[in-house]
Amino acid sequence: HAHMDIAQTRSDPRQNAPVPTYTGWRGGPEGGPTMNVGSTLTVPAGTSPSQILVPKNARRNFFAIQFRGRNLSAYGFTKAGTMTNVSSLDTLGLNVGGVLHPTARVLYITQPGTDKLTVTSYDAAYQLSLGTSQKSGDAPCWATTNQAGTRLYIGETISGSVPV
């Protein structure tokens, strides 16, 4: 069965829910989604999850970028479908977007408030290590790589450009 992870930011003022969550779902026997019992993980109020990244060939793990929480986390699912925090680290600024390197265990995280891009690595157990941060234009928000991972494209909010 297929698996999907959903982040609910709870930062929409029109919603009554007090805290953000991550929830795991699986494809049901008739193709519709079925929530994994016990898979909802609550994160601190105000963290505002902004993106989920699933590494290639990851069967039970994903990374979660939290915007206001200035945090990057790796989560995993047990065989029973319960979600657990595998590793977390604090970052230097507000995190908006990120991209996984297609061939290496590396994440690139955009931080528009500091005009930086942070390079983070992880090991086979999904333990995160904070790497270097570099100036990356005017308010970098979203990033992607080419298929080979030899080019990194970063969307800059203020300049409206996409440097390589």
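Just so it is clear, the structure is predicted and the values come from calculations on it, not from any experiment. (Residues numbered from 1 in each chain as written. Predicted model: local features only at pLDDT ≥ 70, side-chain atom pairs only at ≥ 80, totals over all residues. Heavy atoms only, no water.)

Enquirer: Whenever I open this one, the overall build of the chain confuses me. Can you help?
Expert: Within the chain, the secondary structure is distributed over zero helices and 14 strands. Along its sequence from the N terminus, the chain presents helices and strands in the succession β-β-β-β-β-β-β-β-β-β-β-β-β-β. Taking the contacts inside the chain whose residues are at least 6 apart along the sequence as the reference set, 37% of them involve residues at least 24 apart. For the chain, the accessible area works out to roughly 8800 Å², and carbon and sulfur atoms hold 52% of it. (Helix = DSSP H or I, 4+ residues; strand = E, 2+ residues; numbered from the N terminus. Contact = heavy atoms within 4.5 Å. Areas by Shrake-Rupley, 256 points an atom, 1.4 Å probe, with all protein chains shown as cover.)

Enquirer: So what exactly am I meant to see when it comes to the sheet that holds strand β12 (residues 128-135) here?
Expert: One key point about sheets: their strands pair by backbone hydrogen bonds, in either a parallel or an antiparallel sense. Reading across from one edge, β9-β10-β11-β12 is the order of the four strands in this open sheet, with antiparallel pairing throughout. Edge positions in the sheet fall to β9 (98-100) and β12, since each has one partner strand and no second. Direction aside, neighbouring strands of the sheet carry axes that sit 20° apart on average. (Pairing = 2+ DSSP bridges. Axes fitted to C-alpha atoms, helices over the stretch in contact; angles between N-to-C directions.)

Enquirer: Please explain the packing of aromatic side chains as it appears in this structure.
Expert: Two measures describe an aromatic ring pair: the distance that separates the ring centres and the angle between the ring planes. Inspection of the entire model under this criterion finds seven aromatic pairs. When the centroid spacing of 5.3 Å and the interplanar angle of 45° are considered together, the rings of Tyr-22 and Tyr-75 count as tilted. Of this pair, Tyr-22 sits in strand β2 (residues 21-27) while Tyr-75 sits in strand β7 (residues 71-77), and the two are 53 residues apart along the sequence. The residues Tyr-22 and Tyr-75 share a single accessibility class, namely buried. The rings of Tyr-22, Phe-62, Tyr-75 and Phe-77 are connected pair by pair, giving a single aromatic cluster. (Phe/Tyr/Trp six-rings, centres within 6.5 Å; stacked < 30°, edge-to-face > 60°. Buried < 20%, exposed > 50% of the residue type's maximum accessible area, 1.4 Å probe, protein only.)

Enquirer: It is not clear to me how the nonpolar core should be interpreted in this structure. Could you clarify?
Expert: Side chains of nonpolar character tend, in soluble globular proteins, to be buried together. By size, the foremost hydrophobic cluster in this structure holds 13 residues, and its most contacted members are Phe-63, Leu-72, Leu-107, Tyr-122 and Leu-128. Elements with a contribution of two residues or more to this core: β6 (61-66), β7 and β10 (106-111). In contact with Leu-128, other than residues within four places in its own chain, are Phe-63, Leu-72, Ser-73, Ala-74, Ser-87, Ser-88, Leu-89, Leu-107, Thr-120, Ser-121 and Tyr-122. (Core = buried A, V, L, I, M, F, W, Y, C linked by side-chain atoms within 4.5 Å.)

Enquirer: Looking at this model, I keep getting lost on the sheet that holds β6. Mind explaining?
Expert: The strand order across the open sheet formed by four strands is β5-β6-β7-β8, and the pairing between neighbours is antiparallel. At either margin of the open sheet sits one strand with a lone partner, and together these are β5 (49-53) and β8 (83-90). For this sheet, the mean angle separating the axes of adjacent strands, direction not counted, is 25°. By the bridge criterion, seven bridges tie β7 to β8 in an arrangement that is antiparallel. Bridge pairing in β8 places Phe-77 opposite Met-83.

Enquirer: I'm lost on the environment of Val-54 in this one. Help?
Expert: With respect to the helices and strands, Val-54 occurs in the loop between β5 and β6. On the basis of relative accessibility, which here comes to 47%, the residue Val-54 falls in the partly exposed class. When the C-alpha atoms of Val-54 and Val-99 are compared, they prove to be 9.6 Å apart, with 45 residues separating the residues in sequence.

Enquirer: Even after reading the chapter, I still don't get the side chain of Asn-61, so can you show me in this structure?
Expert: One can find Asn-61 in strand β6. In terms of polar contacts, Asn-61 uses its side chain to reach the backbone carbonyl oxygen of Tyr-75, at 3.3 Å. When neighbours within four sequence positions are excluded, Asn-61 is seen to be in contact with Val-54, Pro-55, Tyr-75, Gly-76, Val-86 and Tyr-126. (Polar contact = N/O pair within 3.5 Å; in protein donor to acceptor, adjacent residues only side chain to side chain.)

Don't take any of this as a statement about function, it's just geometry.
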